[in-house]
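# Architecture and fold: a report
So you can see what is in the structure, the chains are spelled out below.
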Amino acid sequence: MKLFTKLVLIISIITVSFNTLHAQSTVVKGTVTDAKTKEALPYVTVTFGDSNQGAPTDGQGRFTIRTNDKFEYIKVNYVGYRTATRSIEAGQEQTINIAISADSKQLSDVVVKAGKKKKYTNKNNPAVELIRQVIAHKAQNQVTSYNFAEYKQYERMTFSLSNLSDKFKNRKIFKNYQFMFREQDSTAIGGKTLLPLYMEEKLSANYYRKVPYAQKQVVEANKQVKYDETFVDNQGLTTYFNRMYQDINIYDNNVSLLSNQLLSPISDNSPNYYKFFITDTIKDQKPNLIELSFTPRNTINKLFEGRIYITMDGNYAVQNAVLTVNKNIDLNFVRQMEARLSFEKNPDNRYHLSQSNLKIEFALNKNKGGGVFGERLVTIRDFKLNSPRPKETYDGPAQVYAKQSDEQTDAYWTESRPDTLDKAAADLYKNVDSLQTIPSFKRTMDIATLVLAGYKNFGPFEMGPVNTFYSFNPVEGFRARLGGRTTTALSKRYYFETYGAYGTRDQKFKYFLSSTYSLNNKSIYSFPQNYIRASFQHDTKVPGQELEFVQESNFLLSFKRGANDQWLYNDIFKLDYVHEYLNHFSYAVGFKKWNQSPAGALQFQNLLPNGALNNVNLIHTTEMSLQLRFAPHEKFYQGKLYRTPIPDKYPIYTLRYTQGFKGLLGGDYNYQNVVGNISKRFYLSQLGFTDVSTEGGYLFGKVPFPLMDIHRANQSYAFQFQSFNMMNFQEFVSDHYATLTIDHNFNGFLFNKIPLLRRLKLREVVNFKGLWGGVRAENNPANDRSLLRFPTNSSGLATTYTLNNGMYAEGSVGIGNIFKVLRFDLVRRFTYLDNPNAPKLGLRTFVKFDF
């Protein structure tokens, strides 16, 4: 009985003690956000009262703190923000969300007075010593230091018209669609009123393996606002936006941003370009943090400014970063930019990126008016280390899409997103679909397509391109042309294209017909292509003129320097099969039946055995070709006519083999031609970037000069990167050759250091082109009378030459970014200056929209 009584007493004491302890335990959960932008704030210190009991918010602004002591309030401290307090109930579990405001008074009341400004120096500077420690520990603080890593990733990219006026919002076109507009704080990036027009979301599983190296992304779900493909290449739009808004790895020496590279504040040589200042020490959280602010030494250079928070636990890792750019930076069309990076702790007490948020507002006028606001949010969850997967997980392309990844339901997205979309964003997909039904919007897009792409759409057929409707040249005189092609509205399998042209001087009709069958039920203008095409063309051509991203009938090409009267009439039948793969390897097999005859002042002549001149009216060739192309990680925008490449650091390889057949369908010659090309962009950090292209070719067999390599020349006043700008058409031919082209853009590295030029934000460029080649004895008409003689002008002087006397070379120095879109090059020809009518010096221009 006594034992039972004691047991009851003990249980009672334990119960009372437990209830008392439980009653005294206070738990507070919540999220800390910016009162203006509504964004979650990472690494904000939340404490009970004025004590040291508390914790920082995580990468998503969430916090959980608990205590057994009695407190009446919690306190929120964050550098640059007003301290906030909230009342709590002791002994209770409660959720309190807190919005804090920027401390504008604190920022504006700081006044520094000094008799003499102290010169900034790296020597004996504790901030510089700290950043050198961060640099020394970079390798261990990146995911590449682990053998294996994997994580889930959510991406959201949005684009909106920004800084809109009430007048714009109240236009008649938007009368019934006011719900599309999004209102925010007027001081936020983008201004008060936004009109969202594009959004893309992606959920993926990501895998990393160190040895052998592999990085794989499996896209499990993707969703995109889609516009009528008559107007917009949706796939290319996604590619272009992703190229502009790349992942920001602050640990890289250079950070890619808007097709440029900005030097990271923790790059190996950042102390040479940045000034660093210790602006705060945060000791009320573990580990302690040091706030390190930085600014460019030269504010116009392509550098960041902002602050980073460094962990003082021996890792010297970045726990949080805010990156912006100075208003004077040499970035075109960028009004505001901000990137926020948050890192979370791994089980081994190191850190990984948990969230990045990149915001940029673009505008023609950096100070006022409407613009375009873009935001890319990336959230990383379920980060795991050193858990190897089967080999199959890492094999294959770097990015793959799961089956039906674009068919996930709204319920799936609501459950899978790490955050909740506001109503304007959630309704954007259906709102854009509705917008495209408005007649005035369709008319606007139709006009934009006509102006920018040159085509007028009529549903199943579109007419254009308009810039080829009229042109002129010495052979045809006034040339009128009219053409068009079918669209996907007619068929996604069959495509037809045609044009007709007429020259008033030669009084001849020209025409083109083509029929294409898509083998993958996709548009032949989308990636990856897989089609068969048959075409026939009866038209003129300038020997040695090879154009990129423009057609030969373009009106602007009517204006040329020097003599331009040696042309060809061509009859070309082609049968092509093209097959592209998702890894950007492609091959093309072609059959070509080509009849060419001289036009204008050009004559095909050889010598008869008795020495008399003999005019040759036609050259018949029949050939088969195979082209292999590999462009890893290539990005481009597919326009109405051409793919516009988005330059990147990855090389492009092309190999082409052509076989000519004598006796097949009238072919006159047997020959083999092999051509290889490699091109690549090299980024040189603050020194800009260099585009390098090299090509070589060899022709086997005995052929007349029109079948040899007629080197690409340019007699227009536009600067052409793949042609020799000071070479005349058909000036040089070779049966074996090699070329080297180097184009270096300093990106203002020199001009930005000259006070008088700094504000103009001009960019200096240099270019060099070299050509080595020759004609073997068997193909030289001087050694064989039966071969066609090299052309001459009306005075009997030769106009076509070989390169047997050494390299042809030309170079230029130029100024780019004139009015943000123009580049002018002063081009100098260095060799073969004794050739008749050889230009020595010329001014060429180029139009380019770039950031």
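Scroll up for the structure.
Presented here is an overview of the structure given in this document. (Residues numbered from 1 in each chain as written. Predicted model: local features only at pLDDT ≥ 70, side-chain atom pairs only at ≥ 80, totals over all residues. Heavy atoms only, no water.)

### Here's the deal with empty space enclosed by the protein
Cut-off, in case you're wondering: Points on a 1 Å grid, built from protein atoms alone, make a cavity when a 1.4 Å probe fits but cannot get out and make a pocket when they are open with protein on both sides within 12 Å along at least 5 of 7 lines; residues with an atom within 4 Å of a point are the lining residues. Grid points are joined across faces, edges and corners, and a volume is the space filled by probe spheres set on the points.
Scanning the entire structure with this criterion turns up 6 cavities of 30 Å³ or more. Along its surface, the largest cavity is lined by 14 residues, and Lys302, Ser685, Gln686, Gly688 and Asn747 are the ones closest to its centre.

### Some thoughts on the packing of aromatic side chains
Selection rule: Stacked, edge-to-face and tilted are the three classes for Phe, Tyr and Trp ring pairs, Trp counted by its six-membered ring, which pair at centre distances within 6.5 Å; planes under 30 degrees apart are stacked, over 60 edge-to-face, the rest tilted. Helical segments are the DSSP runs of H or I of at least four residues, strand segments are the runs of E of at least two, and each set is numbered from the N terminus. A simple rule labels every residue: compare its accessible area, found with a 1.4 Å probe on the protein chains alone, to the largest value its type can have, and call it buried under 20%, exposed over 50%, or partly exposed in between.
Applying the stated criterion across every chain yields a total of 32 aromatic pairs. Between tyrosine 494 and tyrosine 517, the ring centres sit 5.1 Å apart and the planes meet at 50°, which makes this aromatic pair tilted. Here tyrosine 494, found in strand S27 (residues 494-503), pairs with tyrosine 517, found in strand S28 (residues 509-518); they are 23 residues apart in sequence, far enough to count as distant. Looking at tyrosine 494, the relative accessible area reads 44%, which means it is partly exposed. According to the relative accessible area criterion, tyrosine 517 is partly exposed, its value standing at 31%. With a centroid separation of 4.9 Å and 90° between ring planes, the pair formed by phenylalanine 721 and phenylalanine 846 is classed as edge-to-face.

### Comments concerning the environment of arginine 643
When you line up the elements, arginine 643 lands in strand S36 (residues 643-645). The exposure class assigned to arginine 643 is buried, which follows from its relative accessible area of 19%.

### Structural notes on the nonpolar core
For clarity, the threshold we go by: As used here, the term nonpolar core means buried Ala, Val, Leu, Ile, Met, Phe, Trp, Tyr and Cys residues forming a set that is joined through side-chain atoms within 4.5 Å. Residue contacts are counted whenever heavy atoms from the two residues lie within 4.5 Å of one another.
With 69 residues, the main nonpolar core has Ile250, Phe304, Ile308, Met337, Ile360 and Phe362 as its most contacted residues. Excluding residues that lie within four positions of it along the chain, isoleucine 250 makes contacts with Ser264, Pro265, Ile266, Ile308, Ala321, Leu323, Leu341 and Phe343. Val475, Trp567, Phe724 and Phe732 belong to the second-largest nonpolar core, a separate cluster that totals 20 residues.

### Things to note about the side chain of asparagine 357
Put simply, the rule reads: For this analysis, a polar contact is any N or O atom pair within 3.5 Å, provided that within protein one partner can donate a hydrogen and the other can accept it, and provided that sequence-adjacent residues contribute only side-chain to side-chain pairs.
With respect to the helices and strands, asparagine 357 occurs in strand S20 (residues 351-362). A distance of 3.2 Å separates the side chain of asparagine 357 from the side chain of glutamate 375, its partner in a polar contact. Other than its neighbours up to four places away in sequence, asparagine 357 contacts Glu39, Glu338, Ala339, Arg340, Glu375, Arg376 and Leu377.

### Some thoughts on the pattern of salt bridges
Put simply, the test is: When a carboxyl oxygen of Asp or Glu is within 4 Å of a side-chain nitrogen of Lys or Arg, the pair counts as a salt bridge.
Counted according to the given criterion, the structure contains 34 salt bridges. One salt bridge in this structure joins aspartate 410 and lysine 223, with 2.9 Å as the shortest N-O distance. Here lysine 223 lies in strand S12 (residues 214-224) and aspartate 410 lies in helix H7 (residues 410-416), a separation of 187 residues in the sequence. The partner of arginine 823 in a salt bridge is aspartate 825, and the shortest N-O contact between them spans 2.6 Å. The exposure classification of arginine 823 matches that of aspartate 825, with both residues buried. Counted as one network, the salt bridges with shared partners bring together Glu476, Arg479, Asp506, Lys510 and Asp539.

### Focus on unusual backbone geometry
In this structure, proline 212 follows valine 211 across a cis peptide bond, with omega equal to -15°. The topology assignment puts proline 212 in the loop between strand S11 (193-209) and S12. Put simply, phenylalanine 527 and proline 528 share a cis peptide bond, and its omega is -5°. The topology assignment puts proline 528 in the loop between S28 and strand S29 (530-541).

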